[in-house]
Each structure stands twice: as C-alpha cells, then as structure tokens.
Amino acid sequence: MLKRLVRQLPDWRSPKALVLMYHRIAAPPVDVWDLAVTPARFAEHLQVLRSSAKVLSTAELLARVQTRTLEGHSVAITFDDGYEDNFTAARPLLERVHLPATFFVVANTLGQGQGFWWDELEHILLLSPQLPSFFSLMLGDGRTLAFDLRGEQVLSEKLLAQHGRWKALLDPPPTRRAALYYQLWQSLKPLPYPQQQAAIINIKTWAGVPEYAGLTCPPMSRAQLTDLSSNPLFTVGAHTVTHPALACHSLARQHEELQTSKTMLEQALHKPVHLLAYPYGNYNDDTLPLVGSAGFSAAFTTQAQAVTQAADPYRLGRCQVNNWTGAALRRQLRRWFAYY
C-alpha cells in the first residue's frame, strides 16, 4: 500500500516545464480578472525568460514531452482570446527578442467587428459616467435579475478608483456597480452565445450605450491574424467559436464549438490548427474525447500546474501571469518550478 502511494507522488527530480498564460498586453483603467500586462512589464518578462528559462514553442514542448526529452526549466508562452493588442503590442516585443508564442483565438471574432461580452459588461457597469438607478433583466433561463444601484448612478472618482483596484478572483465586489457586474458575469457565463449577446444588447439599451459603440478591447482582425501567423515564431491555436463554458453545454454543442473553430481558423490561415485552449479552463470528462475526435493533438487548461513527461496531452496546465515586475516574475517562476 505504501509503495503504491509513493509511486503516485510527483517525481520532483523529473524535468518539468511551465506554460505561461497571458491575455492582453495593455494598460486598461479597470482589469477585474487580471488579464492585462502593460507593454513595459511584458518587455521585462521577456528579458527574464531569456535569461532564466529555456523558452520553447508549444510544438517543441509537446514533441519533447512525447519523446521524453523534456529539459528542466523549460517555458512556453501562450495568449488567450486573440485581442488586437496581441498583434500591436505583444508581437513586436516577442519579435525583438526572437521568442516564440502561441495565440489561442476565438474564431467568430474574425471579421465581425465585435468585442467580448465580458469586456463590454465591464465597460458599461464599471466605467460608464452615468447609469439609471434601477436595473432589471430577464435572463435566458427565465430568471429575472433586479438590482438597485442606490446612489452609484454617477461614476465618482472614488468609485472609479475602487473599480481600478478590484480583483474579482481575490476580493468581493467593492461597490454596488461591481456587485451588479459580478452577478451578471456569473449569470451570463454559462448561457449560449445568442442569449449572451441578447443580454448585452438589453444592458446597453438600459445604460444608454449605442448597440454598435466603438470597441474598447477589440480582437485581432483576420488580416492581423494572418500576418501574425506568417511569422514562424508564432503558432495559432483554437479557443472555440464563441468562448463558451464547455461543461455547461450539450455534447453536440461542444463538438460543434470544437470542430467548427478548427475549421474556421484553418480556412482563414490556410494551415492546420492542432492546439486548443479551453475557454475559462472549463471542460468535463465528456469534452476530452471530443477534442481528440475534432483533430486536436493537445489542449491546455487554466489549472496552475507544470507540464511533465507524464502529462495528459488534453489536460496541460498553465500558469497565469499577472502585471508583475520582471523581478517579481523571476521569483514567481522559482516558486512555480519548486512547488509544481
């Protein structure tokens, strides 16, 4: 019994790699989910990675896992969602230091001129100068969400500062506006895409925001993604068609999201797409065989864990990188390698 338990423990001597997860390279006034790293900090990160890690492409990392030739302190860089600043800010910095990266792209954003619902929700509720006092919305499941902003209709400097400091993964909502945002985010996340979009249109109408207002966090255009993909340093992977929480949907819907995203990206780029990242890191046991049948060779989660030579290719962990200084990232890398 003891020997079996010992065999199940991680082998701390075996080589391991970290897959780093970024989203945006920008400096937004509000960043509830810690998705943004400023260009200056990202440049620091790249210098740290060049000097203290062996940076691999995801393709080389996976090949080394498969052939059991993984070297210790290996790192791969990934980006989720396909924001435009990946092209305008991250790309030139990566090219300057000649480091590879993989970009997981939500396929239906190509050529749509449409942003992500969570960014629009964040902008409306946390940054709008003025909002009506009472909010009511019927959700797709028949529930009605009613909420009173109670004195927070006008965005004061104090409210804006509180929103700028708020990190939803660590702290409860600090304001009524933030509480409404968080309730809506939780309610919209599991819904099908058409219901999410209908809800956002209704919220815009309530807030007095034009339906086709300019995007504050636009995704990459098809032309930008094609340009990015033409550089051999960069790999494009799938992030589904509409960014659903896969485990909340039927097998048929999951299959359509996976297969169609692969097809759309391959048609746009004229090259095969082998890699997937699960939106929100959300999947279930039923998802895994669908990933393989859709033709993906590997899939990445958002679970913070190292990649070892025994890793499941469809459950590869990643570590989210925050807006740290280079020195802080160096310390965090040491902790991750030591802990995982």
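Residues numbered from 1 in each chain as written. Predicted model: local features only at pLDDT ≥ 70, side-chain atom pairs only at ≥ 80, totals over all residues. Heavy atoms only, no water.

Take the overall build of the chain next. For the chain, the helix and strand inventory stands at 12 helices and 13 strands. A principal-axis box enclosing the C-alpha atoms of the chain has dimensions of 60 × 50 × 45 Å. When contacts within the chain are restricted to residue pairs at least 6 apart in sequence, long-range pairs at least 24 apart make up 70% of them. For the chain, the accessible area works out to roughly 15,400 Å², and carbon and sulfur atoms hold 54% of it. Distance between charge centres in the chain, computed from 32 positive and 27 negative side chains, equals 9 Å. (Helix = DSSP H or I, 4+ residues; strand = E, 2+ residues; numbered from the N terminus. Contact = heavy atoms within 4.5 Å. Areas by Shrake-Rupley, 256 points an atom, 1.4 Å probe, with all protein chains shown as cover. Lys, Arg positive; Asp, Glu negative; His and termini not counted. Charge placed at Lys NZ, Arg CZ, Asp CG, Glu CD.)

In the structure shown here, the tally under the stated rule is 19 aromatic pairs. A ring pair is formed by Tyr 182 and Trp 185, whose centres lie 6.4 Å apart and whose planes are at 10°; its orientation type is stacked. Taken together, the positions of Tyr 182 and Trp 185, both in helix H7 (residues 176–188) and 3 residues apart, correspond to about one turn of that helix. Owing to a relative accessible area of 25%, Tyr 182 belongs among the partly exposed residues under this scheme. By relative accessible area, Trp 185 is classed as buried at 12%. Taking 6.5 Å as the distance between ring centres and 80° as the angle between the ring planes, the aromatic pair formed by Trp 185 and Tyr 280 counts as edge-to-face. In this pair, Trp 185 sits in helix H7 while Tyr 280 sits in the loop between strand E10 (275–277) and helix H11 (287–293), placing the two residues 95 residues apart along the sequence. One aromatic cluster in this structure is built from Trp 33, Tyr 83, Phe 116, Trp 117, Trp 118, Tyr 182, Trp 185 and Tyr 280. Lying over the aromatic face of Tyr 83, Arg 24 brings its terminal NZ or CZ to 5.2 Å of the ring centre. (Phe/Tyr/Trp six-rings, centres within 6.5 Å; stacked < 30°, edge-to-face > 60°. Buried < 20%, exposed > 50% of the residue type's maximum accessible area, 1.4 Å probe, protein only. Lys NZ or Arg CZ within 6 Å of the ring centre and 35° of its normal.)

All told, the structure shown has 12 salt bridges when counted by the stated rule. A salt bridge links Lys 167 to Asp 34, with the shortest nitrogen-to-oxygen separation between them at 3.2 Å. Placement of the pair is Lys 167 in the loop between helix H6 (157–165) and H7 and Asp 34 in the loop between strand E2 (24–25) and strand E3 (36–37), with a sequence separation of 133 residues. The exposure class of Asp 34 is buried, given its relative accessible area of 17%. Between Asp 285 and Arg 315 there is a salt bridge, and its shortest N-O distance comes to 3.1 Å. With Asp 285 in the loop between E10 and H11 and Arg 315 in the loop between strand E12 (307–308) and strand E13 (319–320), this pair connects stretches of sequence that are 30 residues apart. A relative accessible area of 58% means that Asp 285 is categorised as exposed. (Salt bridge = Lys/Arg side-chain N within 4 Å of Asp/Glu carboxyl O.)

This part is about the pairing of strand E9 (residues 234–238). The buried fraction of E9 amounts to 4 of the 5 residues, a majority that puts the element mostly inside the structure. With 5 bridges connecting them, strand E6 (residues 101–105) and E9 associate as parallel partners. Within E9, the position partnered with Phe 103 by the bridge is Val 236. (Pairing = 2+ DSSP bridges.)

This part covers the nonpolar core. With 55 residues, the main nonpolar core has Tyr 22, Phe 42, Phe 79 and Leu 94 as its most contacted residues. Among the elements that line this core, the one with the most residues is helix H4 (residues 84–97), at 6 residues. If you look at the next biggest cluster of nonpolar residues, it comprises 36 residues, including Leu 121, Leu 149, Ala 168 and Ala 179. (Core = buried A, V, L, I, M, F, W, Y, C linked by side-chain atoms within 4.5 Å.)

Within the secondary structure, Ala 89 sits in helix H4. As a C-alpha pair, Ala 89 and Thr 38 span 51 residues in sequence and 9.1 Å in three-dimensional space.

Of note, Asp 34 is a non-glycine position whose phi angle comes to about 55°, a positive value. You will see that Arg 68, though not glycine, has its phi angle at about 60°, which is positive. Mapped onto the elements of the fold, Arg 68 is located in the loop between helix H3 (58–67) and strand E5 (74–81). Arg 68 sits in the exposed class, given a relative accessible area of 55%.

Here Asp 81 shows up in strand E5. Here Asp 81 occupies a buried position and makes no salt bridge, while the nearest side chain of opposite charge, Arg 318, is found at 8.0 Å. Within the local environment of Asp 81, its side chain forms a polar contact with the side chain of His 243, the two groups lying 3.2 Å apart. (Polar contact = N/O pair within 3.5 Å; in protein donor to acceptor, adjacent residues only side chain to side chain.)

Here we take up the pairing of strand E1 (residues 16–22). Where burial is concerned, most of E1 is hidden: 7 out of the 7 residues are buried. Burial along E1 is two-sided: the face carrying Lys 16, Leu 18, Leu 20 and Tyr 22 and the face carrying Ala 17, Val 19 and Met 21 are both buried. Pairing between E1 and E12: 2 bridges, direction antiparallel. In the strand pairing of E12, Lys 16 is matched with Thr 308. Bridging between E1 and E5 involves 6 bridges; their strand directions are parallel. Looking at the pairing, Ala 17 lines up with Ser 74 of E5. Relative to E13, E1 is paired through 2 bridges, and the arrangement is parallel. Along E13, the bridge assignment pairs Met 21 with Gln 320.

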